[in-house]
Amino acid sequence: MKNRSSLASQGIIVPSPTRYRKLLRDTVLQLKGSAASEQTQAMILDQIMDEPHAERLILSWDSFLSFPTWAVTDAIYAFAGERSLAFTQIFPDIEAEFHLAIRNPATFLPGLQEKIVTKGQPEFLSTIDPTGLQWSSTISQIRSYNPNVELTVWCDEDTPLIWPEVLQAVAGPAEGTVLSDTDELLSRLMTADGLARMNAYSAAHPPVSIAQRRRIVTAFLEKFAIPDMLEMEFEVPGWSEELVADLTRRYLEDVERIKRIPGVRFLSA
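These figures come from a predicted structure and were not determined experimentally.

A. Geometry of the overall build of the protein. Secondary structure summary: the protein contains twelve helices and five strands in total. A compact globule built from 269 residues would reach a C-alpha radius of gyration of about 18 Å, and the protein, at 20 Å, matches this within 12%. Along the first, second and third principal axes, the C-alpha atoms of the protein reach 55 × 50 × 40 Å. A buried classification covers 41% of the 269 residues belonging to the protein. Nonlocal contacts in the protein, meaning residues at least 24 apart in sequence, comprise 77% of its contacts between residues at least 6 apart. Within the structure as shown, the protein displays about 15400 Å² of accessible surface, and the carbon and sulfur contribution to it stands at 53%. Charge centroids of the protein, computed over 25 positive and 36 negative side chains, lie 2 Å from each other.

Spelled out as structure tokens, the structure:
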């Protein structure tokens, strides 16, 4: 959003989420899996963007695949394949790309439950077996329903280290384009003094590679991170430290499975 002007000069349009989230959700329900007519497509585009033309349109929402209440049943986003295909049918003649962050179920599930309970809905963790949940199943389903759609995946835990690469992947600008405010995420995780020192160090010693930049970020995060932002504390009845460790081990194994799924571009730290 903070690079809207510079991206627009390349035909990359980043509309305000308030203009499309409810609109696209309602359109998917109305289409029921069928392709939108040219008239419907024109109407939607007219509501989403002011520009007469776009080479690329970036649409983002953490509830595209499901609202939190139905995000986890016997699987993570059990209808991800069907849902993702339905969104491509809004613009059936336009090439689509998907970008998805995954997260360790040991923290994803408690975070999801917190959202649900906050909205006055009952907790759900007691009704599921967390050890049986795999992101690889979700991603394989998306690929099965959308075999020709490029899918980029990364671990949310790695986001502080790979955020510039995530922004580049999602935005898709011309090679050599420098995006601004790429350290905004770090500003939420690191003290102001620490971020200033890191930027000063990077200015004096410009990293010559992505790997070197990540080493610099890691070093400053270790020293200047805001503890409450990097450590998630939660209590789930019936969950032991052993279960959390087991879920984490299964998640790391699942990540390796995802990396081997054909057609998936995985952004690693």
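Now, onward.
B. Molecular detail of the environment of P164. On the secondary structure map, P164 appears in helix 7 (residues 159-171). A sequence separation of 52 residues divides P164 from L112, and the C-alpha atoms of the two residues are 26 Å apart. Sequence-distant contacts of P164, that is, excluding residues within four places in its chain, are made with T182 and R213.

C. Structural view of the layout of surface pockets. In this structure, the second largest pocket spans a volume of roughly 500 Å³. Taken together, 18 residues form the lining of the second largest pocket, with P164, E165, T182, P207 and R213 sitting closest to its centre. Those elements that provide at least two residues to the lining of the second largest pocket are helix 7, helix 9 (192-204) and helix 10 (210-224). For the lining of the second largest pocket, the residue count by class is ten nonpolar, five polar and three charged.

D. Main features of the environment of F87. Here F87 shows up in helix 4 (residues 80-88). Along the primary structure F87 and M190 are separated by 103 residues, whereas in three dimensions their C-alpha atoms are 36 Å apart. Each residue touching F87, except ones within four places of it in the same chain, is listed here: L24, R25, V28 and F64.

About the cut-offs
- Residues numbered from 1 in each chain as written.
- Predicted model: local features only at pLDDT ≥ 70, side-chain atom pairs only at ≥ 80, totals over all residues.
- Heavy atoms only, no water.
- Helix = DSSP H or I, 4+ residues; strand = E, 2+ residues; numbered from the N terminus.
- Rg over C-alpha atoms; globule rule 2.2 N^0.38 Å.
- Buried < 20%, exposed > 50% of the residue type's maximum accessible area, 1.4 Å probe, protein only.
- Contact = heavy atoms within 4.5 Å.
- Areas by Shrake-Rupley, 256 points an atom, 1.4 Å probe, with all protein chains shown as cover.
- Lys, Arg positive; Asp, Glu negative; His and termini not counted.
- Charge placed at Lys NZ, Arg CZ, Asp CG, Glu CD.
- 1 Å grid on protein atoms, 1.4 Å probe; cavity = no way out; pocket = protein on both sides within 12 Å on 5 of 7 lines; lining within 4 Å.
- Points joined across faces, edges and corners; volume = space filled by probe spheres on them.
- Nonpolar A, V, L, I, M, F, W, Y, C, P; charged D, E, K, R; others polar.

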